Amino acid sequence: MSYAEARAIDASAIPVIDMQAPDLSAAMLGAAERTGFFYIRNAGVPQALIDEVFALSRRFFAAPLEAKRQAAVNPWHRGFIRAGEAKMADGARPDLKESFVWGLDTTAGSQPERGIPPNQWPAFLPELRPALTAYFDACNAVGWSLLRAFAGSIGAPADVFVRTIDRPISRGSIIYYPPQPPTMGAEQFGVSPHTDYGCLTLLYQDGVGGLQVQGPDGGWVTAHPIPGTFVVNVGDLLARWTNDRFKSTPHRVVNASGRERYSAAVFVDPNEDTEIEPVVAPGEAAKYGRVTASAYIKGRLDAAFAYRQPGRP
Ligand code: OGA
Ligand code: NI
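This section reports on the structure supplied with the text.

Cut-offs used in this document
Throughout this document, residue positions are counted from 1 along each chain, in the order its sequence is written. Numbering of ligands from 1 and lettering of chains from A proceed in the order in which they are written. Local features in a predicted model are, by the rule used here, given only for residues with pLDDT of at least 70; side-chain atom pairs are given and counted only at 80 or more, and totals for whole chains, interfaces and linings are based on all residues. Values shown for side chains rest on all heavy atoms present in the structure; no hydrogens or waters enter the calculation. We count a stretch as a helix when DSSP gives it H or I for four or more residues in a row; a strand needs E for two or more, and each element gets its number in order from the N terminus. Throughout, the radius of gyration refers to the C-alpha atoms, and the reference size of a globule is 2.2 Å times the residue count to the power 0.38. Type-normalised accessible area, obtained with a 1.4 Å probe on protein chains alone, sets the label of each residue: buried when under 20%, exposed when over 50%, and partly exposed for intermediate values. By the convention used here, residues are in contact when the closest approach between their heavy atoms is within 4.5 Å. We get accessible surface area from the Shrake-Rupley algorithm with a probe of 1.4 Å; when it comes to residues, only the shown protein chains can shield them. All tallies of charge rest on Lys and Arg as positive and Asp and Glu as negative; His and the ends of each chain are not included. Note on charges: their place is set at NZ of Lys, CZ of Arg, CG of Asp or CD of Glu. A pair of strands is labelled paired if DSSP reports no fewer than 2 bridges between them. Note on method: axes are straight lines fitted to C-alpha atoms, helices fitted across the in-contact stretch only, with angles between N-to-C directions ranging 0 to 180 degrees. Any carboxyl oxygen of Asp or Glu within 4 Å of a side-chain nitrogen of Lys or Arg constitutes a salt bridge here. Here, nonpolar core refers to any group of buried Ala, Val, Leu, Ile, Met, Phe, Trp, Tyr and Cys residues whose side-chain atoms link them within 4.5 Å. By definition, the arc is the one covered by directions from the helix axis to the C-beta atoms. Consider each residue's heavy atoms; a residue with any of them within 4 Å of a molecule or strand counts as near. Polar contacts, as used here, are pairs of N or O atoms within 3.5 Å; protein pairs need one atom able to donate a hydrogen and one able to accept it. Residues neighboring in sequence count only if both atoms are side-chain atoms. Any two of the Phe, Tyr and Trp rings considered here, Trp counted by its six-membered ring, make a pair once their centres fall within 6.5 Å; the pair's planes then place it as stacked at under 30 degrees, edge-to-face at over 60, or tilted in between. To sit over a ring, a charge needs its Lys NZ or Arg CZ within 6 Å of the ring centre and within 35 degrees of the ring normal.

Some thoughts on the overall build of the protein chain
(1) Moving on: Helices and strands together make up the secondary structure of the protein chain, namely 6 helices and 14 strands.
(2) Moving on: A compact globule built from 313 residues should have a C-alpha radius of gyration of about 20 Å, and the protein chain, at 19 Å, falls within 12% of that.
(3) Moving on: When the 313 residues of the protein chain are sorted by exposure, 53% land in the buried category.
(4) Moving on: Of the contacts made within the protein chain by residues no fewer than 6 positions apart, 75% connect residues no fewer than 24 positions apart.
(5) Moving on: Looking at the protein chain as shown, the accessible area adds up to about 13100 Å², and 54% of this sits on carbon and sulfur atoms.
(6) Moving on: Both charge centroids of the protein chain, one from 30 positive and one from 32 negative side chains, sit 3 Å from each other.

Focus on the side chain of Ser263
(1) Moving on: Among the secondary structure elements, Ser263 is positioned in strand 12 (residues 261-268).
(2) Moving on: Look at Ser263 and you get buried, because its relative accessible area is 1%.
(3) Moving on: Ser263 has contacts with Phe54, Ser173, Ile174, Ile175, Tyr177, Leu203, Tyr204 and Gln205, leaving out every residue within four places of it along the chain.

Concerning the sheet that holds strand 11 (residues 251-253)
The pairing of strands in a sheet happens through backbone hydrogen bonds and is either parallel or antiparallel.
(1) Moving on: Sheet architecture is open: 4 strands sit in the order 6-11-8-9, paired in antiparallel fashion. Since the sheet does not close on itself, it has two edges, and those belong to strand 6 (191-194) and strand 9 (220-222), each with one partner. Strand-to-strand twist in this sheet, taken as the mean axis angle between neighbours without regard to direction, amounts to 20°.

Re the sheet that holds strand 1 (residues 16-18)
(1) Moving on: Pairing is mixed across the open sheet formed by 8 strands, whose spatial order is 1-2-10-7-12-5-4-3. Whereas interior strands pair on both sides, the edge strands pair on one side only; in this sheet they are strand 1 and strand 3 (79-81). Averaged over neighbouring strand pairs, the angle between their axes works out to 25° when direction is ignored.
(2) Moving on: Judged from the 6 bridges that link them, strand 4 (residues 98-103) and strand 5 (residues 171-177) form a sheet pairing that is antiparallel. In the sheet register, Trp102 faces strand 5, and the bridge partner there is Gly172.
(3) Moving on: Each of strand 3, strand 4, strand 5, strand 7 (200-205), strand 10 (229-234) and strand 12 is contacted by helix 2 (residues 47-62), which is oriented at about 115° to strand 12, the strand it contacts most.

Regarding the pattern of salt bridges
A pair can form between side chains of opposite charge whenever their charged atoms are brought close.
(1) Moving on: Counted according to the given criterion, the structure contains 14 salt bridges.
(2) Moving on: The partner of Arg163 in a salt bridge is Asp159, with the nearest N and O atoms 3.6 Å apart.
(3) Moving on: Using a relative accessible area of 54% as the deciding quantity, one classes Arg163 as exposed.
(4) Moving on: With a relative accessible area of 31%, Asp159 lands in the partly exposed category.

Some words on the nonpolar core
(1) Moving on: Core analysis: the largest hydrophobic core is formed by 76 residues, its most contacted members being Ile40, Phe100, Tyr135, Phe150, Phe230 and Leu238.
(2) Moving on: Per-element accounting of this core gives the leading share, 14 residues, to helix 4 (residues 128-153).
(3) Moving on: Once residues within four sequence positions are removed from consideration, Ile40 is found in contact with Ile17, Met19, Leu24, Leu146, Gly228, Thr229, Phe230 and Val232.
(4) Moving on: Formed by 16 residues, the second largest nonpolar core is a distinct cluster that contains Ile14, Tyr177, Val191 and Phe267.

Quick word on helix 1 (residues 24-34)
(1) Moving on: Residues of helix 1 that are buried: Leu24, Met28, Leu29, Ala31 and Ala32. Buried residues of helix 1, viewed axially, fall in a sector of 165°; they line one side.
(2) Moving on: Each element contacted by the buried residues of helix 1 is listed here: strand 1, strand 2 (37-41), helix 4 and strand 10.
(3) Moving on: Trailing helix 1 by a residue or two, Gly36 shows a phi angle of about 75°, which is positive.

Quick look at the site of ligand 1
(1) Moving on: Residues in close proximity to ligand 1 include Ile175, Tyr177, His194, Asp196, Leu203, Leu211, His251, Val253, Arg261, Ser263 and Phe267, which together make up its full environment.
(2) Moving on: Between ligand 1 and Asp196, the relevant distance is 3.0 Å, taken from an oxygen atom to a side-chain nitrogen or oxygen of the residue.
(3) Moving on: Here an oxygen atom of ligand 1 and a side-chain polar atom of Ser263 are 2.6 Å apart.
(4) Moving on: Considering ligand 1 on its own, with 290 Å² of exposed area, one finds that the protein chains cover 95% of that surface.
(5) Moving on: Elements supplying a minimum of two residues to the shell around ligand 1: strand 5, strand 11 and strand 12.
(6) Moving on: Per-element accounting of the shell around ligand 1 gives the leading share, 3 residues, to strand 12.

As for the packing of aromatic side chains
(1) Moving on: Under the counting rule described, the total for this entry stands at 13 aromatic pairs.
(2) Moving on: When the centroid spacing of 5.8 Å and the interplanar angle of 25° are considered together, the rings of Phe61 and Tyr176 count as stacked. Taken together, the positions of Phe61 in helix 2 and Tyr176 in strand 5 put the pair 115 residues apart, joining distant regions of the chain.
(3) Moving on: Classification of Phe61 as buried rests on a relative accessible area of 5%.
(4) Moving on: Ring pairing ties together the aromatic residues Phe60, Phe61, Phe80, Phe100, Trp121, Phe124, Tyr176 and Tyr262, which thus form one cluster.
(5) Moving on: Over the aromatic face of Trp220 sits the side chain of Arg252, whose NZ or CZ is 4.0 Å from the ring centroid.

Put into structure tokens, the structure is as follows:
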């Protein structure tokens, strides 16, 4: 038995881009049109905040399952999601990952308020809330900057992707991957091959490694951790918004390190009622109709998670 195979990193498939570089937009456009993946350096999120999030993430996932389940995922996809909760393709093995999902921290109650679902904070780790809230705000700010640069790169108005972002439906997810021994075989994943649903994903990974991205030839490329960088990737909604000019590329995690792996993702999206209509070049036909951001994301979550019953919010 062994692991799913992947090649060493390929810098042309996943370039490292400096967010302060003068040619930022052009470099991002090249990456978006190829694989939709790039590393971003000098994003401006304080390393001390990132380190705090990872320290708290270790404490959260180290807690007993009963404690974590006090913050079990609610009907709006906020809270703790235990291993094996994603819907699998027939015969596929359940993913090994555990995660905790949160979003904009505006509602004090137990119902959504103007499109923003209630978060599901764990009582046993009160420090998590302020740290994840600060991290969420910092990553969203980076996301808006990148979306402005992307708009410029295709000659669209700078705010085309960020017109309505005062109450974003972005989601954060801290994720834990247990080590997977080779005896689990090549069909076992920490997270199975998938594309992300939203506009942009900002992923910070620890030094363990395990993220793999599908290259243009269909083979898998390892996106090794590069300290101080985020892995940024285009999600399905931004691919749709750009009429498939930008690529939303499958990726997966195989934790072959023998160690525990942690990552933190922020999936950046605008307000719930934002109308997403393909931005096209003159004379180009739109491949997709108009959809609201919330309808699109909700539809994807319903299809992906077993806990979500039909008719749920
Ligand atoms: C995801 C994802 C990769 C990772 O959560 O969508 O692809 O390294 N995560 O955790
Ligand atoms: Ni992903």
